[in-house]
Amino acid sequence: MRALIACLGTETNTFSSMPTGWKSFEETMLFYGDATQHPPGLFSEPMHVWRRMAEEQGIEVQESIAAFAQPGGPTTREVYESLRGALLADLEAALPVDMVLLCMHGAMVADGYLDCEGDILHRARQAAGDDTAIGCELDLHCSITQQMTNAADAIVTFKEYPHVDGKERAAELFTLLLDKAKGRTKPTISVYDCRMVCMWPTTREPMETFVREMKAAEDGREILAVSFAHGFPWCDVPEASAKMVVVSDDAATVGAEIAAHFGRRIFALRHETATNYLSVEDGLARVRSSNAGPVILADVADNAGGGAAADSTFVLKAALDAGMTNMALGLYWDPVSVRFCKEAGEGTHLDLRLGGKCGPASGDPVDLHVTIRRILEDTTQPFGTSVAALGDSVWVEANGLDIVLISIRGQTFHPDAFTQLGINLSEKQAVVVKSSQHFHAGFAPIGSEVLYLETPGAITPDFANIPFRRLITPFWPRVEDPFSEAGA
């Protein structure tokens with residue numbers, strides 16, 4: 001037997017003005033056939049799993065590209081078509097193959113392509129033929145389209161948010177496709193549209209129980225996999241709403257019933273699962289009243305993982321205006337300021353114009369007189385069992401605030417992003433992280449509490465008023481009951 005493995009993706013914020021081109025892929029991940037010879041990242045990690053499982057089964061592995069870009073605006077047509085062409089050329093060269101395993105995001109949009117994943121799966125199916133087992137592992141912030149389900153035998157998404165189960169889902173997909181390739185099963189995909197646009201962290205109830213129930217429904221006989229595709233709220237495509245995805249063994253009717261069961265259940269929980277967002281002022285007030293160690297404040301609207309610039313100054317300015325001290329804030333993508341600090345050197349006092357460089361969603365730059373405490377080159381931070389590059393990191397101190405600057409745009413995943421520079425987070429009254437939820441696994445254990453701020457920015461969580469043009473189906477929370485006759 002022979003299997004082809006590959007990765008191609010990014011999470012596209014269609015409202016972002018930052019184009020996604022070659023540099024974005026080169027800085028994040030770009031390998032041509034040798035990703036499994038390098039340390040795993042979040043989206044190359046499945047390829048490591050697939051290679052290991054295939055080789056244990058005596059299956060020949062053909063490895064294609066592994067390309068992933070930090071979320072931003074739509075990918076340029078030339079870059080997308082070039083990367084897609086490389087993947088499909090490798091597939092053509094490898095034919096015949098028994099399995100095609102693809103790691104993609106599920107919310108990738110390129111110039112001229114609203115459904116990159118569906119486009120890739122469709123072309124892979126055309127090339128490999130109907131007998132080949134084809135499937136993909138997706139980030140749970142994905143759009144599930146008819147083109148995708150028509151072309152794939154199996155679709156599996158992460159179940160956890162933050163995404164700590166990528167390896168498990170990769171192994172699940174491999175088993176699904178191997179069983180199909182060996183004729184043991186006939187995987188069939190059923191989808192239920194939940195008609196919701198929101199975010200669902202799985203680190204608290206009732207989502208913890210919901211995830212456990214999805215896993216329990218996978219009986220290994222009729223029901224092979226159950227996924228909740230949360231959707232990505234800032235990707236304006238026609239099929240953007242959240243969906244339940246069930247893979248059954250040739251049991252479309254039962255699969256549809258299970259998908260509808262979980263879809264109706266998550267809809268019924270819509271008010272219970274909604275995140276409580278605080279204003280910046282209320283969040284800082286909670287910090288002032290706390291005596292129990294660092295309060296973790298999530299600057300959710302400036303999350304690079306959602307396509308934001310990660311250089312907004314709204315929380316920083318509010319903290320300065322309020323006279324707050326003993327706080328750590330990061331990660332600020334500001335390669336210009338990083339360059340200035342590297343030129344000046346550690347220990348130097350410097351007038352620095354920080355952040356606010358990428359447009360109105362970034363706020364205004366803040367002028368500070370800083371002390372450069374530490375400079376590290378080629379830094380990384382952990383994310384689960386993978387690593388994420390930060391480029392050069394700089395710790396500057398100003399007005400009693402410790403601020404971390406980075407040269408490669410990325411969200412804040414782990415306390416190591418601060419502590420590797422020498423910042424002792426346990427001594428801080430608060431830690432501000434530019435992330436929506438992926439910070440939680442690393443920071444929740446060290447914080448007295450975790451608060452989510454409804455900050456201004458590129459991905460502000462006002463889901464009812466996101467200015468969709470392509471998503472025209474009624475959805476909650478814009479419509480209280482989008483399934484009613486009036487809503488529909």
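Residues numbered from 1 in each chain as written. Predicted model: local features only at pLDDT ≥ 70, side-chain atom pairs only at ≥ 80, totals over all residues. Heavy atoms only, no water.

### Section: the layout of surface pockets
Threshold: Put plainly, a pocket is an open set of points on a 1 Å grid over the protein atoms alone with protein on both sides within 12 Å along at least five of seven lines, a cavity is a set where a 1.4 Å probe fits but cannot get out, and a lining residue has an atom within 4 Å of a point. Grid points are joined across faces, edges and corners, and a volume is the space filled by probe spheres set on the points. For this scheme, ten residues count as nonpolar: Ala, Val, Leu, Ile, Met, Phe, Trp, Tyr, Cys and Pro. Four count as charged, namely Asp, Glu, Lys and Arg, and the remainder, Gly too, count as polar.
Space inside the largest pocket adds up to approximately 780 Å³. Lining the largest pocket are 45 residues, with Thr28, Leu42, Val387, Ala388 and Ala389 positioned closest to its centre. Split by residue class, the lining of the largest pocket holds 22 nonpolar, 18 polar and 5 charged.

### Let's talk about helix 12 (residues 335-344)
Let me state the cut-off plainly: Categorising residues by exposure relies on relative accessible area from a 1.4 Å probe, with only protein chains included: less than 20% of the type maximum marks a residue as buried, more than 50% marks it as exposed, and the intermediate range marks it as partly exposed. Strands are runs of DSSP state E lasting at least two residues, helices are runs of H or I lasting at least four, and both sets are numbered from the N terminus onward. Here the arc refers to the set of directions running from the helix axis out to each C-beta atom. Pairs of residues are marked as contacts when any of their non-hydrogen atoms sit within 4.5 Å.
For helix 12, the set of buried residues is Ser337, Val338 and Cys341. One side of helix 12 carries all its buried residues, which in axial view fall inside an arc of 105°. Facing away from the buried side of helix 12 by over 90 degrees, the exposed positions are Arg339 and Glu343. Buried residues along helix 12 sit in contact with strand 13 (349-354), strand 14 (366-383), strand 15 (386-398) and strand 16 (401-406).

### Describing helix 3 (residues 77-94)
Which entries qualify depends on this criterion: Here the expected length of a helix is defined as 1.5 Å per residue gap, with one fewer gap than residues.
Relative to the 26 Å expected for 18 residues at 1.5 Å per residue, helix 3 spans 26 Å between its end C-alpha atoms, a close match to the ideal helical length. Considered for burial, the residues of helix 3 that qualify are Val79, Tyr80, Leu83, Arg84, Leu87, Leu88, Leu91 and Ala94. Angularly, the buried residues of helix 3 cover 155° about the axis, an arc narrow enough to put them on a single face. Exposed residues lying more than 90 degrees from the buried face of helix 3 are Glu78 and Ala93.

### Considering unusual backbone geometry
Note the cis peptide between leucine 95 and proline 96, where omega equals 0°. Following the sequence through the fold, proline 96 ends up in the loop between helix 3 and strand 4 (99-104). Cis peptide bonds are those with omega within 30 degrees of zero, and the linkage from tyrosine 161 to proline 162 qualifies with 20°. The backbone phi angle of aspartate 250 is positive, close to 55°, even though this residue is not glycine. Position of aspartate 250 among the secondary structure elements: in the loop between strand 9 (243-249) and helix 8 (252-268).

### Quick notes on the packing of helix 3 against helix 4 (residues 116-128)
Short version of the rule: Here the axes come from fitting lines to C-alpha atoms, over the contacting stretch only for helices, and the angles between their N-to-C directions go from 0 to 180 degrees. Angular relationships are summarised with four words: roughly parallel below 35 degrees, roughly antiparallel beyond 145, roughly perpendicular across 65 to 115, and oblique for the angles in between. Whether a crossing is left-handed or right-handed is set by the direction in which the near helix is turned from the far one by less than a right angle, anticlockwise for left-handed and clockwise for right-handed.
Contact geometry of helix 3 with helix 4 gives a least axis separation of 10 Å together with a crossing angle of 25°. Comparing the axis directions of helix 3 and helix 4 gives the class roughly parallel. Between helix 3 and helix 4 lies a crossing of right-handed hand. Taken together, the residues of helix 4 that come into contact with helix 3 (itself represented by Tyr80, Arg84, Leu88, Leu91 and Glu92) are Cys116, Asp119, Ile120, Arg123, Ala124 and Ala127. Of the residues belonging to the contact of helix 3 with helix 4, the class tally is 7 nonpolar, no polar and 4 charged.

### Comments concerning the side chain of glutamate 63
Just so we agree on the cut-off: Any pair of nitrogen or oxygen atoms within 3.5 Å is treated as a polar contact; in protein, a donor-acceptor pairing is required on top of that, and neighbouring residues in sequence qualify only through side-chain atoms on both sides.
When you line up the elements, glutamate 63 lands in strand 3 (residues 60-72). Accessibility expressed as a relative area gives 13% for glutamate 63, which makes it buried. Within the structure, glutamate 63 has its side chain in polar contact with the backbone nitrogen of alanine 35 (distance 2.7 Å).

### Things to note about the pairing of strand 17 (residues 430-433)
Selection criterion: One bridge is not enough; two strands pair if DSSP finds at least two bridges between them.
The two faces of strand 17 match: Ala430 and Val432 on one face and Val431 and Val433 on the other face are all buried. Relative to strand 17, strand 12 (residues 327-333) runs parallel, the two being bridged by 4 bridges. Pairing of glycine 330 across the sheet is with valine 433, part of strand 17.

### Regarding the environment of glutamate 92
The residue glutamate 92 is located in helix 3 in this model. Its relative accessible area of 47% is what places glutamate 92 among the partly exposed residues. With 136 residues separating them along the chain, glutamate 92 and phenylalanine 228 place their C-alpha atoms 32 Å apart.

### Some thoughts on empty space enclosed by the protein
Summed over the entire model, instances satisfying the criterion amount to 2 cavities of 30 Å³ or more. By volume, the largest cavity is sized at about 80 Å³. What lines the largest cavity is a set of 13 residues, and nearest its centre among them are Tyr161, Met199, Tyr277, Val300 and Ser436. Here the second largest cavity is characterised by a volume of approximately 30 Å³. In terms of lining, the second largest cavity is formed by Pro201, Arg204, Glu205, Pro206, Met207, Glu272 and Thr273. Here the residues of the lining of the second largest cavity sort into 3 nonpolar, 1 polar and 3 charged.

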